[in-house]
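Fold and geometry: a report
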Amino acid sequence: MPVAASAIYFLNLRGDVLINRLYRDDVGGNMVDAFRTHIMQTKELGTCPVRQIGGCSFFYMRISNVYIVIVVSSNANVACAFKFVVEAVSLFKSYFGGTFDEDAIRNNFVLIYELLDEILDFGYPQNLSPEILKLYITQEGVRSPFSSKPVDRPVPNATLQVTGAVGWRREGLVYKKNEVFLDIVESVNLLMSSKGSVLRCDVTGKILMKCFLSGMPDLKLGLNDKIGLEKESQIKSRPTKSGKTIELDDVTFHQCVNLTRFNSEKTVSFVPPDGEFELMKYRITEGVNLPFRVLPTIKELGRTRMEVNVKVKSVFGAKMFALGVVVKIPVPKQTAKVNFQVTSGRAKYNPSIDCLVWKIRKFPGQTEPTLSAEVELISTITEKKSWTRPPIQMEFQVPMFTASGLRVRFLKVWEKSGYNTVEWVRYITKAGSYEVRC
Amino acid sequence: MSGHDSKYFSTTKKGEIPELKEELNSQYKDKRKDAVKKVIAAMTVGKDVSSLFTDVVNCMQTENLELKKLVYLYLINYAKSQPDLAILAVNTFVKDSQDPNPLIRALAVRTMGCIRVDKITEYLCDPLQRCLKDDDPYVRKTAAICVAKLYDINAELVEDRGFLEALKDLISDNNPMVVANAVAALAEIQENSTRPIFEITSHTLSKLLTALNECTEWGQVFILDALSKYKAADAREAENIVERVTPRLQHANCAVVLSAVKMILLQMELITSTDVVRNLCKKMAPPLVTLLSAEPEIQYVALRNINLIVQKRPTILAHEIKVFFCKYNDPIYVKMEKLEIMIKLASDRNIDQVLLEFKEYATEVDVDFVRKAVRAIGRCAIKLERAAERCISVLLELIKIKVNYVVQEAIIVIKDIFRRYPNTYESIIATLCESLDTLDEPEAKASMIWIIGEYAERIDNADELLESFLETFPEEPPLVQLQLLTATVKLFLKKPTEGPQQMIQVVLNNATVETDNPDLRDRAYIYWRLLSTDPESAKDVVLAEKPVISDDSNQLDSSLLDELLANIATLSSVYHKPPDAFVTRVKTIQRTEEEDFPDGSEGGYSESPSHAAGASPPPTASSAPYASARQPPAAPAVPAAPAPVPDLLDLGMENNNNAIVPVDQPATPAGPPLPVLLPASTGQGLQICAQLVRRDGQIFYNMLFENNSQIPLDGFMIQFNKNTFGLAAAGPLQVPLLQPRTSASTLLPMVLFQNISPGPPNTLMQVAVKNNQQPVWYFSDNISLLVFFTEEGRMERSAFLETWKSLPDSNEVSIDLPGIVINSVDATLERLAAYNMFFIAKRKHANQEVLYLSAQIPRGIPFLIELTAVIWIPGLKCAIKTPSPEMAPLFFEAIERLLRS
């Protein structure tokens, strides 16, 4: 059964109910007590997000300082339930201006009840598109940052738009200047052994889009991916311009993209929602350009001293630079004192996370700064357990660089009024979980 | 921050309710709206604001949609507790359902469906009928779901009013969202009905597959889930379906992807072309991998499902093992699941990489994870013969780190490796023996002792090593004691020298005279007899060659696997249990909540489970070697069948009602079969029949357990909810381990006046039964008053008359039982006497027979009974006089049932 929920609770960290909504009476009102006593107040919290207590099952997620708990007694669709929670939270965020926490819930509880009534009927998720819901669920204080004119009255044909085939875009939008912003954001995930061999490496990328377009435009996006290009050259029966092509392992699309068409023609065509949304996600494991190499040497010199040497090499173009680079080098808990030497940036010892934190604000390409540190340890008598050596972690952002090599080749916009559009494209690569074992 | 609603949560000094009442009746709109918000705020934090019902409902007639929605929300919460007042709202609902604004029409129908009050339901039908045919798709899609709501409250009404047909018409609606909701509603109705209501034909199939393209993401899930029940006619149709479903794999919504995977996997069963199957496998891999970049909770659901998928089709992810490598910051539940999948995907090709990972995990912080990683290395060794040596060298490296729990876990898995590859790796025993002193966990100790015993001839100082354990023999847990016993016997048989001989005497003495563990004692006696009668055959038995083990732990049975795969994305696939293993009937749950009953399921059981099944747990794959001594060499581990030893329990039953009756004997040959209280269909194969009986002045609960499930069940416990008579179990429930397709019956002694439920007397007795394998089962039974009639109920004629006179006439209650025929006075009296209703006198009045009887229930409450009937003519008048006339209905119920049967 694709039921997502029989009841939904929003609890704060103490277990107080902030919001509760029962959709079906196969679970009782006191079920939240069971959650509190059997999960929240025990060590079970955090060991498994799906639990059965008595005849009911509980799915829960923590979002900032709030637990969202779903209770069911049937064989519900768990994937659907969790995805619903994720989507609902982003809907709430879009209504309350970006934050979702205990205060935001208390301050908007009437609105949340109204939304919960609308987006889940008898446990079945309904339309959760913020853009459409804002047409007719308009509480005071709601600002609509995307639309050009303030919405104060429910639009007369709202109901048709909620249920329409383009359930994510409303009609009659007008912009003076028609603009599209594309952000290609990539996270590089890396797991490297201490010897420098890559154990796992992949890029998860997403294309974020901000559309300020009038009417009902049809868009088509072209990327330099291999399959798409091959298909295109087949159709046009002439070879496309040479250049670097990449192989996408997998892509997923926002619901606005016509999947059947993508499957047959390999083109990404869609009618976009208004404002900001995530058009697609992709994943690449082959041919990843790693922006940084980390070469650590950590020596334990007896029981009270350690020598840490870390060299970080930037392997992107010399004209580019990375921003906000942070290297976290774990040290044992009993670290007493650390003496540093760095050739760039600043380093300090942060005892709360047991790490040496080395920050470099601006990191040019083709350079290799080093950190060398001498760590003094408190010798403890009970020290028997060996130090587990967690991996070195890195954070960074490299603008105008894609680890995958993905490029946007074109973005075409058709609208029956035939207006001109301006397209802006940005690229950025961030660190996902960038770990080097040492 | 947009809203400022938190102010509604603040309380005022004055009494809150009166103040709210005043504000709700204010003449100002804004004030009323604020007041309703305060009421909702109070409701949310759990205050009872039901007393404001009328005042809130009065605010319902408003143009303001926001206020209307708040009032509706209040109604949904409190209508059930105020059904009579809820009727006040009906008019507004009906009016709203005809409002020109479609939002209001839909809101009215949606809300009415949520109010589960019978009287309201009647009024819902007409608006619902209209809304199902509404011009506006928004109203239709809401009405479609409302039919499912109504079916849940009153299925008959839905069928009578033709809503099912209307719902089926909506499948052809031109609006995709209406179609999706109609499909969801029909699928749910079908699930709760035994009649075929929603059968997918190839025509609806193609219509729905077309609708997929236009639906919302959730609608796609509804449709895919419903279509997954469809059985394609042949390979061609299956290929066709799959072709239209595969584009869904690219959807950003994980639920759509998983439902599409489910559908494809099911259709793949029919597809014969290997090319097509290979191609599909290739297409499914990337989306499954992508699920692992979602939120950790979704990853968890995905991983549990992937675990099933790789068991069925290992090729899909055979090359993707790297994506299951754990990240340092993954939540523990994700790491554990990834590890499980890594073991499943491990192959000769990737084992080196996998081992490096496991080794890395074995040095992490979380103890459970580390243990699982060490165990994983062992499981890979057992699974992959060619990699076994490498696995062992990794284990040895880990032992050298000398982290206590790593060493212990490693020893446990090495024992299994020895079982799998006998006479191959014994050279490492010396290294293992170095860690002997650090072992403090029973399982690790037992494993080490098993190794020493098994290879006693190759370990020079085996006797010394074993001797070091013997000093603490009496304090060791049973697991270790049993192992020590067997190991010492092995040692003695292999090296029959003086040292071992002394040791064996110490051990046998300890294990027979000084222990109260029956398993240990039995095993020791068997060894003793074997050794004293024929040492050569002792060798044959104890040192026999053992069957080679394989790693089939965590491998599901293929029919269960198929069932779980048909439930991908649902709870069933996460729990790895079929749906009926955890979904209990809706009604059962409702009742238990109201009565606060399930509380007992965790802490309320006072009975110890160990009484039921004896002290010996059934041997599992890993503990199998321990039992080597008492098994014939090639036989798999079979737990001992419950021994027919009724005399031991000495319950003083003369009529073959042993507390534990072996399976093959008919239980209670006399008397009709026991009523079925928990049918096997509800109890996941466990059927419970039970009835209260009275035997020799004592009340028993005569129970019959039948295990129709696939798994052995043990550790049965029982708990009774409060009831009128305070009936409760006098001792623990004695049910032996129940193998599949066997049954056992038991007489559970009962006591009275334990937990007496308040209120007027009734015959309801709610029972909870649990075991170690299944969820708690709740069922209810009817208490028959007959079982309470004591043997002391006989009265002298004079005493009878005196009592009759002493009781006021108001204590006399009578009833006509028209359906009952008395054919013979004597037979009737005999029957009544069997239930301790004693004959006093009889007289004839015209053609009527009048019988007088006496009976007595505990605490000495007498029942004076007068029965009036004409022989052979239907109709019996029954009058009773008793100090407790409130018991009369119970009495009539019982006597009617007795005389009718």
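Residues numbered from 1 in each chain as written. Chains lettered and ligands numbered in written order. Predicted model: local features only at pLDDT ≥ 70, side-chain atom pairs only at ≥ 80, totals over all residues. Heavy atoms only, no water.

An unreviewed UniProt entry lists chain B under the name Beta-adaptin-like protein, from Abeliophyllum distichum. Within the UniProt record for chain B, the comment given under Sequence similarities (unreviewed entry) is "Belongs to the adaptor complexes large subunit family." We quote the UniProt Subunit (unreviewed entry) comment for chain B here in full: "Adaptor protein complexes are heterotetramers composed of two large adaptins (beta-type subunit and alpha-type or delta-type or epsilon-type or gamma-type subunit), a medium adaptin (mu-type subunit) and a small adaptin (sigma-type subunit)." (UniProt positions renumbered as here; feature names shortened; annotations may be inferred.)

The name recorded for chain A in an unreviewed UniProt entry is AP-2 complex subunit mu, from Abeliophyllum distichum.

Okay, the overall build of chain B next. When helices and strands are tallied, chain B shows 38 helices and 13 strands. Here chain B displays about 38,600 Å² of accessible surface, and carbon together with sulfur accounts for 51% of that area. (Helix = DSSP H or I, 4+ residues; strand = E, 2+ residues; numbered from the N terminus. Areas by Shrake-Rupley, 256 points an atom, 1.4 Å probe, with all protein chains shown as cover.)

So, about the sheet that holds strand 12 (residues 861–869) of chain B. Residue and element names in this part refer to chain B. Ordered by their spatial adjacency, 5 strands build an open sheet running 9-13-12-11-10, and the pairing between neighbours is antiparallel. Of all strands in the sheet, those with a lone pairing partner are strand 9 (812–817) and strand 10 (838–845), marking the two edges. The mean inter-strand angle of the sheet, taken between neighbouring strand axes irrespective of direction, is 20°. As paired elements, strand 12 and strand 13 (residues 876–881) share 6 bridges and run antiparallel to each other. (Pairing = 2+ DSSP bridges. Axes fitted to C-alpha atoms, helices over the stretch in contact; angles between N-to-C directions.)

Before going further, it helps to spend a moment on the side chain of Arg110 of chain B. You can see Arg110 of chain B is positioned in helix 7 (residues 102–114). Ignoring sequence-local partners within four residues, the contact set of Arg110 of chain B consists of Asp117, Glu118 and Asp121 of chain A together with Tyr138, Thr142 and Lys149 of chain B. (Contact = heavy atoms within 4.5 Å.)

Here we take up the pairing of strand 1 (residues 7–12) of chain A. All names here are of chain A. Of all 6 residues making up strand 1, 6 are buried, and the element is well covered by its neighbours. Pairing geometry for strand 1 and strand 2 (residues 17–22), over 5 bridges, is antiparallel. From the neighbouring strand, Ala7 faces strand 2, where its bridge partner is Leu22. The turn linking strand 1 back onto strand 2 is made up of 4 residues, and Gly15 within it adopts a positive phi angle of 100°. Pairing geometry for strand 1 and strand 5 (residues 66–72), over 6 bridges, is antiparallel. Note on strand 5: the bridge partner recorded for Asn12 is Val66. (Buried < 20%, exposed > 50% of the residue type's maximum accessible area, 1.4 Å probe, protein only.)

Residue and element names in this part refer to chain B. With their axes 8 Å apart at the nearest point, helix 28 (residues 498–512) and helix 29 (residues 518–533) run at an angle of 140° to one another. Looking at the two axes, helix 28 sits oblique to helix 29. Helix 28 and helix 29 meet at a crossing whose hand is left-handed. Seen from helix 28, the contacting residues are Ile504, Leu508, Ala511 and Thr512; seen from helix 29, they are Leu520, Arg521, Ala524, Tyr525, Tyr527, Trp528 and Leu531. (Parallel < 35°, antiparallel > 145°, perpendicular 65-115°, else oblique. Left-handed = near helix turned anticlockwise from the far one by under 90°.)

Residue-level contacts link 105 residues of chain B with 101 residues of chain A. Connecting chain B to chain A are 9 salt bridges. The salt bridge partner of Glu114 of chain A is Lys69 of chain B, with a shortest N-O separation of 2.7 Å. Where chain B packs against chain A, one counts 36 residue pairs in polar contact (both at pLDDT 80 or more). Sort the elements by how many residues they give to the side of chain B that touches chain A and helix 9 (residues 137–153) of chain B lands first, with 8 residues. Taken together, the residues of the side of chain B that touches chain A break down into 52 nonpolar, 25 polar and 28 charged. (Salt bridge = Lys/Arg side-chain N within 4 Å of Asp/Glu carboxyl O. Polar contact = N/O pair within 3.5 Å; in protein donor to acceptor, adjacent residues only side chain to side chain. Nonpolar A, V, L, I, M, F, W, Y, C, P; charged D, E, K, R; others polar.)

Looking now at the pattern of salt bridges. Residues and elements named next belong to chain A. Under the counting rule described, the total for this entry stands at 63 salt bridges over all chains. For Arg261, the salt bridge identified is with Glu265, shortest N-O distance 3.4 Å. Here Arg261 pairs with Glu265, and both are found in helix 8 (residues 259–265), just 4 residues apart, close to one helical turn. Given a relative accessible area of 34%, Arg261 falls into the partly exposed group.

Turning our eyes to something else, we now look at the environment of Phe109 of chain A. If you trace the backbone, Phe109 of chain A turns up in helix 4 (residues 109–119). Residue Phe109 of chain A is classed as buried on the basis of its relative accessible area of 0%. Expressed as a C-alpha distance, the spacing of Phe109 of chain A and Leu18 of chain A, which sit 91 residues apart in the sequence, is 8.0 Å. When residues no more than four places from it in sequence are discounted, the contact partners of Phe109 of chain A are Ile19 of chain A together with Asp5, Tyr8, Phe9, Lys37, Ile40 and Ala41 of chain B.

Residue and element names in this part refer to chain A. Here Gln341 lies in strand 17 (residues 335–342). Along the backbone, Gln341 and Ser372 are 31 residues apart, and their C-alpha atoms lie at a distance of 5.2 Å. The residues contacting Gln341, other than those within four sequence positions of it, are Thr370, Leu371 and Ser372.

Looking now at the state of the cysteines. Residue and element names in this part refer to chain A. Scanning the entire structure with this criterion turns up 0 disulfides over all chains. Its sulfur unpaired, Cys355 is 9.6 Å from the next cysteine sulfur, which belongs to Cys438. Accessibility expressed as a relative area gives 9% for Cys355, which makes it buried. (Disulfide = S-S within 2.5 Å.)

For the rest of this paragraph, the subject is the sheet that holds strand 12 (residues 268–270) of chain A. All names here are of chain A. With antiparallel pairing, the 3 strands of this open sheet are ordered in space as 12-10-22. Bordering the open sheet on either side are strand 12 and strand 22 (408–414), each of which pairs with just one other strand. Going across the sheet, the axis of each strand differs from the next one's by a mean of 15°, ignoring polarity. Alignment of strand 10 (residues 218–223) against strand 22, held across 6 bridges, turns out to be antiparallel. From the neighbouring strand, Lys220 faces strand 22, where its bridge partner is Lys412.

Here we come to helix 8 (residues 118–132) of chain B. Residues and elements named next belong to chain B. Taking 1.5 Å per residue, 15 residues should reach 21 Å; helix 8 reaches 21 Å between its end C-alpha atoms and fits that length. The sharpest bend along helix 8 measures roughly 35° and falls at Leu124, with the proline Pro127 sitting one to four residues further on. Of all the residues in helix 8, the buried ones are Ile120, Thr121, Leu124, Cys125, Pro127, Leu128, Cys131 and Leu132. The inward-facing, buried residues of helix 8 contact helix 5 (83–86), helix 6 (90–96), helix 7, helix 9, helix 10 (155–160) and helix 11 (163–170). (Expected span 1.5 Å × (residues − 1). Bend = angle between axes of the 7 residues up to and from the residue.)

We now examine the confidence of the model for chain A. Detailed reading of the predicted model is not advised wherever pLDDT is low. Residues with a pLDDT of 70 or more make up 91% of chain A, whose mean pLDDT is 86. The low-confidence segment residues 140–153 of chain A (pLDDT under 50) makes 21 contacts with residues lying over four places distant or belonging to another chain. (pLDDT = per-residue confidence, 0-100.)

Now for the packing of aromatic side chains. Counted according to the given criterion, the structure contains 40 aromatic pairs over all chains. Arranged with centres 5.6 Å apart and planes meeting at 90°, the rings of Phe292 of chain A and Phe316 of chain A form a pair that is edge-to-face. With Phe292 of chain A in strand 14 (residues 292–301) and Phe316 of chain A in the loop between strand 15 (305–314) and strand 16 (321–330), this pair connects stretches of sequence that are 24 residues apart. Judged by relative accessible area, which is 2%, Phe316 of chain A ranks as buried. Taking the centre distance of 4.8 Å and the plane angle of 55° together, the rings of Phe292 of chain A and Phe396 of chain A count as tilted. One end of the pair, Phe292 of chain A, is in strand 14; the other, Phe396 of chain A, is in strand 21 (residues 392–399), with 104 residues separating them in the sequence. Neither residue differs from the other here; Phe292 of chain A and Phe396 of chain A are each classed as buried. Here the aromatic residues Phe292, Phe316, Phe363, Phe396, Phe401 and Tyr434 of chain A are joined through ring pairs into a cluster of three or more. Lying across the ring of Phe262 of chain A, Lys266 of chain A places its NZ or CZ 5.0 Å from the centre. Positioned above the aromatic ring of Tyr328 of chain B is the side chain of Lys335 of chain B, whose terminal nitrogen or guanidinium carbon lies 5.5 Å from the ring centre. (Phe/Tyr/Trp six-rings, centres within 6.5 Å; stacked < 30°, edge-to-face > 60°. Lys NZ or Arg CZ within 6 Å of the ring centre and 35° of its normal.)

Attention now moves to empty space enclosed by the protein. Tallying each qualifying case throughout the model produces 9 cavities of 30 Å³ or more. Here the largest cavity is characterised by a volume of approximately 110 Å³. Along the walls of the largest cavity sit 15 residues, with Pro391 and Arg437 of chain A together with Tyr328, Glu360 and Glu364 of chain B positioned nearest its centre. Computed from the structure, the second largest cavity encloses a volume of approximately 100 Å³. (1 Å grid on protein atoms, 1.4 Å probe; cavity = no way out; pocket = protein on both sides within 12 Å on 5 of 7 lines; lining within 4 Å. Points joined across faces, edges and corners; volume = space filled by probe spheres on them.)

Okay, the packing of helix 22 (residues 388–401) of chain B against helix 23 (residues 404–420) of chain B next. Residue and element names in this part refer to chain B. Following both chains from N to C, one finds helix 22 and helix 23 inclined at 155°, their axes separated by 9 Å at the closest point. Taken together, the axis directions place helix 22 and helix 23 in an arrangement best described as roughly antiparallel. The chirality of how helix 22 crosses helix 23 is left-handed. Contacts from Ile392, Leu395, Leu398 and Ile399 in helix 22 reach Val406, Val407, Ala410, Val413, Ile414 and Ile417 in helix 23. Partitioning the contact of helix 22 with helix 23 into residue classes produces 10 nonpolar, no polar and no charged.

Residue and element names in this part refer to chain B. Model confidence for chain B is summarised by a mean pLDDT of 83, while 89% of its residues fall at 70 or above. Least confident of the elements in chain B is helix 35 (residues 646–649), whose mean pLDDT is 35; most confident is helix 18 (residues 296–312), at 96. Across residues 586–670 the pLDDT falls below 50, and counting only partners more than four positions away or on other chains, this stretch makes 136 contacts in the model.

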